[in-house]
Amino acid sequence: PAADYTLLSKRKVQGGTIPQVLHTYKYITEGYAAMNEHQVGVAESTCWEKPFPGAPKNLGILSIVDLSKILLERASNALEGVMLVGALAEKYGFNDQGESLLITDATEVWLFHILRSPEAVGAVWAAQRVPDGGVAVVSNAFTLRTLNLGSADVRSSSNIVDAARAVNASFDEVGSFDFAATFGQGEGQKRFQAGRRMWRAYDLLVEANFSAEYDDFASDKPYPPFVMAPLASVTLAAGFRVMRDFYSGTPYALDTGLAAGLGRSPERWLFHVRGKAVAWDRPISGAHVCLSWVAQARAWLPDGIGGVVHFSPN
């Protein structure tokens, strides 16, 4: 619920407290946050980051759960949310894994990436506005590519250039660099676990014109793409279809073959068979998914009824 506080109130966070604001908005949450009364929505995806060589012990006190909930408590639009959590992370320190937030309101979508700072307290972050009519997909890997830091559609931490130099980033002639290549470790240790889900989401929404096969997620262009143009307006039904997908009708379908059984089940519970490790393609939906949801914001309606979260427990 919305709440009012006194001037010296504090808000608890993972590693301590920060000053509370006088008024916070009401919102619905599933743990990492979802949507507030102003139709501001937040979705989270953990990503693989590169460590900074020689970095001191991290003394930050904010986690991604803290940031996502504080954003919904205090932001009335997406860009305000980007700047709010970026400033808090820089001031009080981000102490979590590499993370991505997709931050939306009824008219805009911003893609926000954050990682731990090379300093004891701080954060490295960047955000880019998704162009109108575009589709952006994050599946546990950084996807922001070449950042024009002077653009009105890009925001970043004050230390981002120094942080990029600390990991030997490659800068072009106008001072831009590739965020995902500089700060990300692609899809981590499991090949295809991020890229193939990304490919499938684009395949369903835009008829992806790139392959689901690649050697290296972080360097094989166009992986990872920041944004693509959809075939048509993305409907609510299309969002539901993406969230329930298990590669049916593709070479990676989980509802066919011996492992699917007579019932053609896409669920996979066993990861060792007769003492040997086995690996299945990781779908967007799967047995390990605790819940999924689709947030819908409608600018033509009042905020009180314009924002809807369609929630589905597994």
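Quick look at the structure, then. (Residues numbered from 1 in each chain as written. Predicted model: local features only at pLDDT ≥ 70, side-chain atom pairs only at ≥ 80, totals over all residues. Heavy atoms only, no water.)

We now examine helix α2 (residues 78-92). For α2, built from 15 residues, the straight-helix expectation of 21 Å at 1.5 Å per residue is met to within 8% by its first-to-last C-alpha distance of 21 Å. Buried within α2 are the following residues: Ala78, Gly81, Val82, Leu84, Val85, Gly86, Leu88, Ala89 and Tyr92. In this structure, the buried side of α2 is in contact with β3 (16-19), α1 (64-74), β8 (99-104), β9 (109-116), β10 (123-129) and β12 (154-156). Sitting at the amino-terminal end of α2 is Asn77, which places a side-chain oxygen 3.3 Å from the backbone nitrogen of Leu79. Directly after α2, the chain includes Gly93, whose backbone phi takes a positive value near 95°. (Helix = DSSP H or I, 4+ residues; strand = E, 2+ residues; numbered from the N terminus. Expected span 1.5 Å × (residues − 1). Buried < 20%, exposed > 50% of the residue type's maximum accessible area, 1.4 Å probe, protein only. Contact = heavy atoms within 4.5 Å. Polar contact = N/O pair within 3.5 Å; in protein donor to acceptor, adjacent residues only side chain to side chain.)

Attention now goes to the side chain of Arg298. When you line up the elements, Arg298 lands in the loop between β16 (291-296) and α7 (303-306). Buried within the structure, Arg298 lacks any salt-bridge partner; its nearest side chain of opposite charge belongs to Asp303, at an N-O separation of 9.8 Å. Polar contacts involving the side chain of Arg298 include one to the main-chain carbonyl oxygen of Ile305, which spans 2.8 Å. For Arg298, the residues in contact, after removing those within four places along its chain, are Gln39, Ala106, Ile305, Gly306 and Val308. (Lys, Arg positive; Asp, Glu negative; His and termini not counted. Salt bridge = Lys/Arg side-chain N within 4 Å of Asp/Glu carboxyl O.)

Before going further, it helps to spend a moment on the pattern of salt bridges. Within the structure shown, the criterion is met by twelve salt bridges. Of the charged contacts, one joins Arg129 and Asp132 as a salt bridge, the two residues approaching to 2.6 Å between their closest N and O atoms. Classification of Arg129 as buried rests on a relative accessible area of 16%. A relative accessible area of 62% places Asp132 in the exposed class. As a salt-bridge pair, Arg196 and Asp281 come within 2.8 Å of each other at their nearest N and O atoms.

Under the defined criterion, the tally for this structure stands at eleven aromatic pairs. Taking the centre distance of 5.5 Å and the plane angle of 25° together, the rings of Phe112 and Trp125 count as stacked. Taken together, the residues span a long stretch of sequence, with Phe112 in strand β9 and Trp125 in strand β10 at a distance of 13 residues. Judged by relative accessible area, Phe112 falls into the buried class, the value being 0%. Three or more aromatic residues joined by ring pairs form one cluster here, namely Phe52, Phe142, Phe171, Phe177, Phe179 and Phe183. Geometry around Phe192 places Arg196 over its ring, the cationic atom sitting 4.0 Å from the centre. Taking the ring centre of Trp280 as reference, the NZ or CZ of Arg268 above it sits at 5.1 Å. (Phe/Tyr/Trp six-rings, centres within 6.5 Å; stacked < 30°, edge-to-face > 60°. Lys NZ or Arg CZ within 6 Å of the ring centre and 35° of its normal.)

These values are about where atoms sit, not about what they do.
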